[in-house]
Structure formats: C-alpha cells, structure tokens
Amino acid sequence: MRWVSLLAGTPLPRPDYVPLRDSLSIARWMAKILGNAGTPHLYTFPSSAVGLCQAACEAGIALRGAHFTLAGEPITAARLATIRAVGAEAAPRYACAEASIVAEGCLAPAAADDLHLLHDVHALVQPGPDVATPGLPAGALVISSLRPTAPLILLNVSLGDQAQLAHRECGCPLERLGWTTHLHTVRSFEKLTAGGMTFLDRDLIRVLEVALPARFGGGPTDYQLQEEETRDGRPRLRLLVHPSVSPLDNDAVADAFLEAIGGGSGVERVMELHWRQAGLLRVERGAPLAGTTGKILHLHQQGRATGRSDPRSAT
Ligand SMILES: [Zn+2]
C-alpha cells in the first residue's frame, strides 16, 4: 500500500511496528496529536484499546478527545467504561471479511455496541428473535447481500453471531442519512473471540478433545477453555485441566495448546502469535464447569448460555 501511495504521489507515512505490550508508545503518539489540536483516531480491537487506555491511565496520560473505532470482539460496557475513563470516545463497527461493513456505530448510543445497520447494502433477518430454531439459537443473524457489487453474494447466511435488532429514534447523523435499524449486543455463538482473534469452536474442540489428551493424558471432557472478561474489560482465557489428569507442567500445556491452534493456515499462526504476545492464556487445575444442561462444554463463556459442539458456519 505504501509503495502504491508513493507511486500515486500521495505518500502514506512509513508504518512503525509496536509490540502489543508497548501500547504506551501509541498513547504518547495520541497525546502528541491532541497537544497539536488534532484528533487521533485509532481503529483497533476493543481489548487492545482497553490495554492502551489502562497504560495511559497508569502513566497519567489524558486522552480527552481521542477517538477509537472498535471491531472484531464484543464491545461491552466494562470495556467502554475503561476507554472513557481516560476521556476518549469509542464507536463500534460490525464487519466481517465476507460481507465487509455490516453496521456502523451510533453516535447517540443506548448500548455499549449500538449500531446502525447499513440496510441498503445488507438485509439482516432473525429466524427467531426470541426462540431458537433448529441449528440456530435465539437472536441469530442471517444476512443477505443486496448489491450486485458485493464481494461475495450471500443469501440467508449465518455469520455465527446473534444480536438484538430494534427500530429506535436516536437523532444521530447516521439516522439522518436514512439508516434507522439498530442492532446491539452482538455476540458470537459458535466462535471464540479474544484479543481480536477468532477461532471456530470446532477447531478448538479438536485441540481440547484430541490433541491435548493424546499428549498429556485424560479424556475429552478433562480440558475446558473458559473465556472471561475482567472487571476493567480485559479478555482472559483459562485452560482448565481436570485434577485427575496426572501432574503437568502448566507452561508446557499452554505451549502445546497455542502450538496446536496455530497449526492451520497462516491465519491461525498469526492468531496464535497474537494470543502469545497478549499473554491471554493461563492454565489452571480444576474440574471443568458443566453447562445449564449438565453437559461439560468445551468452551465456557460468560454470557453464553449454551455452547454448541456442532457449529454450522457458512464462513
Ligand atoms: Zn444513531
């Protein structure tokens, strides 16, 4: 992109690599832009923004007037509160590789992830807003493309997400453009998303049911991944190993897990490295938690009532 920008005579700045643990240098850059009466605008994952704002807060850097656009992970009230604590504002964006941008953040939001559906580009319907239908939980979103120029023509495709759809008068500029359908509380029901990285349930289940027991012992229900959000909005992943499994080196288990999930295409490798760098995973000994039905689920997520061991993904 930079080469093309140079050829076009409108050079983009040279990119600088910043490790995930060094988000303070980005906070300092944002503070510098604010000091020059500019508005820094960062497009990033919610958990990365939370980490950046916490680092800024600890270093006494105010980011009043800074803007974030957040996508790729749930945007929760706790995450938003941590971002607002340093004076910054954040708007969500709902997008995916298959459909591009689906919805843009409301500027007079009634929920942490209040969005305006771009209904001239996509049709979004729910097979059952309040009740589950075969293969889909309540509130599942099914999307269709409305433009022949769509990168991929989708017809009633489940993106693996559920949300609440509503019509509401918010009075924000996006409504005045004609986008009047809101959606909020967008959550995945068949993917694990943490630190901006997304894995399909079935890939994780392969690792938890087959790869880890084969290497360290125990059975398919002795390993469980628990996703949590800390009070300040940071994602946390705990890999729970049943105490009946023989004594283990926790670091070796964490290493084997990350190695196994990174074993797919280049994309999985990138996600593995990102999780490693973010230090998201912690291995603990304890009995895996049972779901509401009494079944041991491989993924135990806050706010996710039921897990699914047979995900149907169109992506
Ligand atoms: Zn709005």
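Residues numbered from 1 in each chain as written. Predicted model: local features only at pLDDT ≥ 70, side-chain atom pairs only at ≥ 80, totals over all residues. Heavy atoms only, no water.

## Focus on the overall build of the chain
Our working rule: Every helix listed is a DSSP run of H or I at least four residues long, and every strand listed is a run of E at least two residues long, numbered separately from the N terminus. Radius of gyration: C-alpha atoms only; globule rule: 2.2 Å multiplied by the number of residues to the exponent 0.38. A 1.4 Å probe rolled over the protein chains alone gives each residue an accessible area, and that area as a share of the maximum for its type sets the label: buried under 20%, exposed over 50%, partly exposed in between. It only takes one pair of heavy atoms within 4.5 Å for two residues to be counted as in contact. For the area figures, the Shrake-Rupley method with a 1.4 Å probe applies, and any residue is considered shielded solely by the protein chains shown.
Check the secondary structure of the chain and you find eight helices and 15 strands. Taken against the 2.2 N^0.38 rule, which gives 20 Å for 315 residues, the C-alpha radius of gyration of the chain at 21 Å falls within 12% of a compact globule. Principal-axis analysis of the C-alpha atoms places the extent of the chain at approximately 60 × 45 × 40 Å. Counting over 315 residues, the chain shows a buried share of 46%. Residue pairs at least 24 apart in sequence account for 60% of intrachain contacts in the chain once pairs closer than 6 positions are excluded. For the chain, the accessible area works out to roughly 16,000 Å², and carbon and sulfur atoms hold 57% of it.

## Describing the coordination of the zinc ion
Octahedral metal centres with six donors ideally show angles of 90 or 180 degrees, and tetrahedral centres with four donors ideally show 109.5 degrees. What counts is decided by this rule: For Na, K and Ca the donor cutoff is 3.2 Å, while for all other metals N, O and S atoms count as donors only within 2.8 Å; water does not appear among the atoms, so some sites may look incomplete. Note on geometry labels: four donors, all angles 85 to 135 degrees, give tetrahedral; four donors become square planar and six octahedral when opposite donors are over 155 degrees apart and every other angle is between 65 and 115; remaining cases are irregular.
Donor atoms from the polypeptide that bind the zinc ion are Cys106 (SG), His116 (NE2), Cys170 (SG) and Cys172 (SG), placed at 2.1 to 2.3 Å. Metal-centred angles of 98 to 122 degrees between the four donor atoms at the zinc ion mark the site as tetrahedral. Between consecutive donors of the zinc ion, the numbers of intervening residues give the motif C-x9-H-x53-C-x1-C. Note that cysteine 106 is positioned in the loop between strand S4 (100-105) and strand S5 (115-117) and cysteine 170 in the loop between strand S8 (157-167) and helix H5 (173-176), a separation of 64 residues in sequence. Here cysteine 106 and cysteine 170 have matching classes, each one buried.

## Considering the sheet that holds strand S7 (residues 140-145)
Which entries qualify depends on this criterion: In short, DSSP must find at least two bridges between two strands for them to pair. Orientation is described by lines fitted to C-alpha atoms, with helices fitted over the stretch in contact, and by angles between N-to-C directions that extend from 0 to 180 degrees.
Across the sheet, nine strands lie side by side as S1-S2-S3-S4-S5-S9-S8-S7-S6; this open sheet has mixed pairing. Since the sheet does not close on itself, it has two edges, and those belong to strand S1 (41-44) and strand S6 (122-125), each with one partner. If you compare each strand with its neighbour and ignore which way they point, the axes differ by 40 degrees on average. With respect to the sheet, helix H3 (residues 46-58) is in contact with S1 and strand S2 (67-70), its orientation differing from that of S2 by roughly 150 degrees.

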